[in-house]
Amino acid sequence: MAKIIKLKTGSKFEESASYSRLVAVDNWIYVSNTAGRNPVSKEIPDDLLQQTQQVFDNIEAALASVEACLGDVVMSRVFIQNPADTMAVMDFIGTKFKGIDPATTVTSPPLGSSEYKVELEVTAYRGAATAELETRQLS
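Residues numbered from 1 in each chain as written. Predicted model: local features only at pLDDT ≥ 70, side-chain atom pairs only at ≥ 80, totals over all residues. Heavy atoms only, no water.

Asker: Honestly, the pattern of salt bridges in this entry has me stumped. Any pointers?
Answerer: In a structure, side chains of opposite charge can pair up when their charged atoms sit close to one another. Under the criterion given, the structure shown has 5 salt bridges. One salt bridge connects Glu 115 with Arg 37, and the closest N-O pair in it is separated by 2.8 Å. With Glu 115 in the loop between β5 (103-107) and β6 (118-125) and Arg 37 in the loop between β3 (28-34) and α2 (48-64), this residue pair connects regions lying 78 residues apart in the sequence. The class of Arg 37 is partly exposed, set by a relative accessible area of 23%. (Salt bridge = Lys/Arg side-chain N within 4 Å of Asp/Glu carboxyl O. Helix = DSSP H or I, 4+ residues; strand = E, 2+ residues; numbered from the N terminus. Buried < 20%, exposed > 50% of the residue type's maximum accessible area, 1.4 Å probe, protein only.)

Asker: Hey, could you run me through the environment of Glu 115 in this one?
Answerer: On the accessibility criterion, Glu 115 (35% relative accessible area) is partly exposed. A C-alpha to C-alpha distance of 33 Å links Glu 115 and Ala 129, two positions 14 residues apart in sequence. Looking at Glu 115, its side chain comes within polar contact range of the side chain of Arg 37, at 2.8 Å. (Polar contact = N/O pair within 3.5 Å; in protein donor to acceptor, adjacent residues only side chain to side chain.)

Asker: Before we go on, may I ask you to explain the nonpolar core in this structure?
Answerer: The nonpolar side chains of soluble globular proteins are, as a tendency, buried together. Core analysis: the largest hydrophobic core is formed by 24 residues, its most contacted members being Ile 29 and Leu 63. Contributing elements (two or more residues each) for this core: β2 (22-25), β3, α2, β4 (73-80), α3 (86-96) and β6. Sorting elements by how many residues they give to this core places α2 first, with 6 residues. Setting aside its immediate chain neighbours within four residues, Ile 29 contacts Leu 22, Val 23, Ala 24, Leu 63, Val 66, Ala 68, Val 122, Thr 123, Ala 124 and Arg 126. Ranked by size, the runner-up nonpolar core spans 5 residues in total, among them Ala 35, Ile 44, Phe 79 and Leu 111. (Core = buried A, V, L, I, M, F, W, Y, C linked by side-chain atoms within 4.5 Å. Contact = heavy atoms within 4.5 Å.)

Asker: Is there a simple way to explain the environment of Lys 42 in this structure?
Answerer: Within the secondary structure layout, Lys 42 lies in the loop between β3 and α2. Along the primary structure Lys 42 and Ser 11 are separated by 31 residues, whereas in three dimensions their C-alpha atoms are 9.5 Å apart. In terms of polar contacts, Lys 42 uses its side chain to reach the backbone carbonyl oxygen of Pro 39, at 2.7 Å.

Asker: Help me understand the pairing of β4, please; the structure alone is not making it clear to me.
Answerer: Remark: a regular strand shows side chains that alternate across the two faces of the sheet. Counting buried positions along β4 yields 6 of 8 residues, so the element is predominantly enclosed. Where β4 meets β6, 7 bridges bridge the pair, whose relative direction is antiparallel. Pairing of Arg 77 across the sheet is with Glu 121, part of β6. Between β4 and its parallel partner β5, the chain crosses via α3, and the hand of that crossover is right-handed. (Pairing = 2+ DSSP bridges. Right-handed = clockwise from strand over helix to strand, strands pointing away.)

Asker: What exactly am I supposed to notice about the sheet that holds β6 here?
Answerer: Two strands in a sheet stick together by hydrogen bonds in their backbones, pointing the same way (parallel) or opposite ways (antiparallel). The 6 strands lie next to each other as β1-β2-β3-β6-β4-β5, forming an open sheet whose pairing is mixed. Looking at strand neighbours, the two that pair on one side only are β1 (4-7) and β5, the edges of this open sheet. Averaged over all adjacent pairs, the angle separating strand axes in this sheet is 10°, with direction ignored. Both β2 and β3 contribute to a ladder of 4 bridges, which runs antiparallel. Residue pairing across strands places Val 23 opposite Tyr 30, the latter belonging to β3. Contacts from α2 reach β1, β2, β3, β4 and β6, with the element oriented near 30° to β6. Along the sheet, α3 makes contact with β4, β5 and β6, crossing β4 at roughly 155°. (Axes fitted to C-alpha atoms, helices over the stretch in contact; angles between N-to-C directions.)

And the structure:
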């Protein structure tokens, strides 16, 4: 029988919209679209890259709560409010995912609030960071 873990952070949005920050089904881990709001101070930086760093801090904390890490991420979905910010955000994300190389989707839709500059959703597989890896080149 599958084991399911649902992680709540105490966010008022999780409560009102009835969702979890993270759902783990056995080794599959689904992290909800995550903004750069500090969960303790509830503040969100104005700076694009500081906000992006906070997004990663939030995701890494959620993953760690179920014994997973950023290296276990196999898919990311990046939502960037302003298309002009795409290269800066993706360059930053490239440093975080260096060597992990998940499949990735990048889009620029309106986000839930104008103060959000970037949001990130990830799918991970617990153990992917230490799994045997084969990289192929499409010719």
